[in-house]
Amino acid sequence: MRVISGKFKKKKLLLPNSEITRPLRDYVKESLFNLLTHSKLINFELNNSVVLDIFSGAGSFGIECLSRGAQKVIFIEQNKNSIDILNKNIKNLSLNEQSNIICSDFFKVDLKTLLEENIKLVFLDPPFQAEFLNELFDKLKKFQKKLSNALIVMHYEKNNKFNFDVYLNIILKKEYGRSVIIFATIKN
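The following paragraphs examine the structure supplied in this document. All figures in this text were calculated on a predicted structure; none of them were measured in a lab.

**Remarks on the sheet that holds strand 6 (residues 168-176)**
In spatial order, the strands read 3-2-1-4-5-7-6; together these seven strands make up an open sheet with mixed pairing. The open sheet has two edge strands with one neighbour each: strand 3 (99-103) and strand 6. The average angle at which neighbouring strand axes cross in this sheet is 15 degrees, direction not considered. The pairing of strand 2 (residues 72-77) with strand 3 spans five bridges and is parallel. Looking at the pairing, V73 lines up with S99 of strand 3. Sheet strands in contact with helix 1 (residues 26-38) are strand 4 (121-124), strand 5 (151-157), strand 6 and strand 7 (179-186), and its direction is about 140 degrees off that of strand 6. The sheet strands contacting helix 2 (residues 60-67) are strand 1 (50-54), strand 2, strand 3 and strand 4, and the helix crosses strand 2 at an angle near 175 degrees.

**Structural notes on the packing of aromatic side chains**
Any pair of aromatic rings gets described here by the distance separating the centres and the angle formed by the planes. By the definition in use, this model includes 13 aromatic pairs. Here the aromatic rings of F137 and F162 are separated by 5.8 Å at their centres, their planes lie at 20 degrees, and the arrangement is stacked. Placement of the pair is F137 in helix 5 (residues 133-141) and F162 in the loop between strand 5 and strand 6, with a sequence separation of 25 residues. Residue classification places F137 among the buried residues on the basis of a relative accessible area of 1%. Ring pairs connect the aromatic residues F137, Y156, F162, F164 and Y167, which therefore count as one cluster. It is K139 that lies over the ring of F106; its NZ or CZ is 4.8 Å from the centre.

**Description of helix 1**
With 13 residues, helix 1 ought to run about 18 Å at 1.5 Å a step, and its terminal C-alpha atoms sit 18 Å apart, in line with that. Among the residues of helix 1, those classed as buried are V28, K29, L32, F33, L35 and L36. Buried residues along helix 1 cover an arc of 160 degrees about the axis, so they all sit on one side. Buried-residue contacts for helix 1 involve helix 2, strand 4, strand 5, strand 6 and strand 7.

**Some remarks on the pattern of salt bridges**
In a structure, side chains of opposite charge can pair up when their charged atoms sit close to one another. Enumeration according to the criterion identifies seven salt bridges in this entry. A salt bridge links E117 to K72; its shortest N-O distance comes to 2.8 Å. On the criterion of sequence distance, the pair formed by E117 in the loop between helix 4 (111-114) and strand 4 and K72 in strand 2 is long-range, its members being 45 residues apart. Where E157 meets R178, a salt bridge forms, and the shortest distance between an N and an O atom there is 3.1 Å. Pair noted here: E157 is in strand 5 and R178 is in the loop between strand 6 and strand 7, with a separation of 21 residues, a long-range link. A relative accessible area of 19% means that E157 is categorised as buried. Taking relative accessible area as the criterion, R178 reaches 51% and is therefore assigned exposed. Sharing partners across several salt bridges, the network here consists of K29, E64 and R68.

Cut-offs applied
- Residues numbered from 1 in each chain as written.
- Predicted model: local features only at pLDDT ≥ 70, side-chain atom pairs only at ≥ 80, totals over all residues.
- Heavy atoms only, no water.
- Pairing = 2+ DSSP bridges.
- Helix = DSSP H or I, 4+ residues; strand = E, 2+ residues; numbered from the N terminus.
- Axes fitted to C-alpha atoms, helices over the stretch in contact; angles between N-to-C directions.
- Contact = heavy atoms within 4.5 Å.
- Phe/Tyr/Trp six-rings, centres within 6.5 Å; stacked < 30°, edge-to-face > 60°.
- Buried < 20%, exposed > 50% of the residue type's maximum accessible area, 1.4 Å probe, protein only.
- Lys NZ or Arg CZ within 6 Å of the ring centre and 35° of its normal.
- Expected span 1.5 Å × (residues − 1).
- Arc of directions from axis to C-beta.
- Salt bridge = Lys/Arg side-chain N within 4 Å of Asp/Glu carboxyl O.

Now the structure itself:
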């Protein structure tokens, strides 16, 4: 896996064991960022933004954001092996000052404090077999005022039958094999 564009273009990233995480494939990540930066539907400015990367794994998405000009990324990951790899990736690219790594279960994280950062982009990449999406979105919904200007980008499996429309205003949905990426905002 590599950084696609920006300051760290073509830099290789370390990955944890494939049984632990399921990183975004380079072509999906490249397409996602092309849509993020060029789609008139999305109309998002990554420069100087603060990003919340939930279920961050090795940090591929967040590091790509930093490479492309994000001011700061808050990484949330609970797996210790993934955290070790994430820390190495951050250190190898000297991104410590722009990174806040939280080693915890997302459901135990104090979002009220984190959202004082004025988050502009939230990336969700839960395990494909995740059965806790209601709980995840219920937690985010509690902070809908703080997230009202934030773009939500979610990566999930095509076979997932979860009704995202209950929680999100979907702006754009793209399929890549068994992966789906949606761009959305939190519903009021």
